[in-house]
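Observations on chain architecture
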Amino acid sequence: IHPETPIHDCDLSEVTATAAILKKLGHIDLITITPPCAPFSSASRKWNRKYPTTEDDPRAQLTLHALRATIPLRPGAFLIENTPRFASSKIWKTAKKWLQDAEYNVEHTTVNAANTGVPQKRRRFIATAVRRPLARVVRLRPQAHGVERRLPRRVGRRALREGAQGGVRVVWSM
């Protein structure tokens, strides 16, 4: 961590307090949301009998808490990461609708984490939401013929910089 980077410890379920802390930071280019994967994991669902459905697990709600706190701040983009099962959850359907209603272009795909520079072979759900008119079209192309390609490095920073200079058409292309 860079010493000049502000770090704030807050409870995302306290949406108003979280939003107040984030608002003090000023303009935000990118929000990354990587909630706990356990509620959406097939292994966790098999063994966790405490909650009848994924949506009943309080950890599953963290994505929505984060969006409630951050969408009003109008960041340039969001990046959301989780397990592939997240894509079929009610949580993702709600999150996607909220982002689209807030004028973000939303796309998602599944990638092998090893092909993004992470030292593990796991499939991951990746979603991007880019505020209009910063990006008119966001495209995450699915893997062609089962061949996964490496993601370009620094794509988010470059896309935001180019977007600030007149709009970017494709934010993330695989």
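The coordinates are above.
So, a few notes on the structure that sits alongside this text. Just so we're clear, the structure is a prediction, and the values are computed from it rather than from any experiment. (Residues numbered from 1 in each chain as written. Predicted model: local features only at pLDDT ≥ 70, side-chain atom pairs only at ≥ 80, totals over all residues. Heavy atoms only, no water.)

Our focus in this paragraph is the sheet that holds strand 3 (residues 104-112). Read across the open sheet, the four strands follow the order 1-2-4-3; overall the sheet is mixed. Edge positions in the open sheet fall to strand 1 (30-33) and strand 3, since each of these has one partner strand only. Pairs of neighbouring strands in the sheet enclose a mean axial angle of 15°, with direction left out of account. Pairing of strand 2 (residues 77-82) with strand 4 (residues 123-131) involves six bridges; the strand directions are antiparallel. (Pairing = 2+ DSSP bridges. Helix = DSSP H or I, 4+ residues; strand = E, 2+ residues; numbered from the N terminus. Axes fitted to C-alpha atoms, helices over the stretch in contact; angles between N-to-C directions.)

The next point concerns the packing of helix 1 (residues 15-23) against helix 3 (residues 62-70). At a minimum axis distance of 8 Å, the contact between helix 1 and helix 3 shows a crossing angle of 50°. Between helix 1 and helix 3, the crossing angle belongs to the class labelled oblique. In this structure, helix 1 crosses over helix 3, and the sense of that crossing is right-handed. Contacts between helix 1 and helix 3 involve V15, T18, A19 and L22 from the first element and H65, R68, A69 and T70 from the second. Residues belonging to the contact of helix 1 with helix 3 are distributed by class as follows: four nonpolar, three polar and one charged. (Parallel < 35°, antiparallel > 145°, perpendicular 65-115°, else oblique. Left-handed = near helix turned anticlockwise from the far one by under 90°. Contact = heavy atoms within 4.5 Å. Nonpolar A, V, L, I, M, F, W, Y, C, P; charged D, E, K, R; others polar.)

Read these as spatial facts, not as claims about activity.
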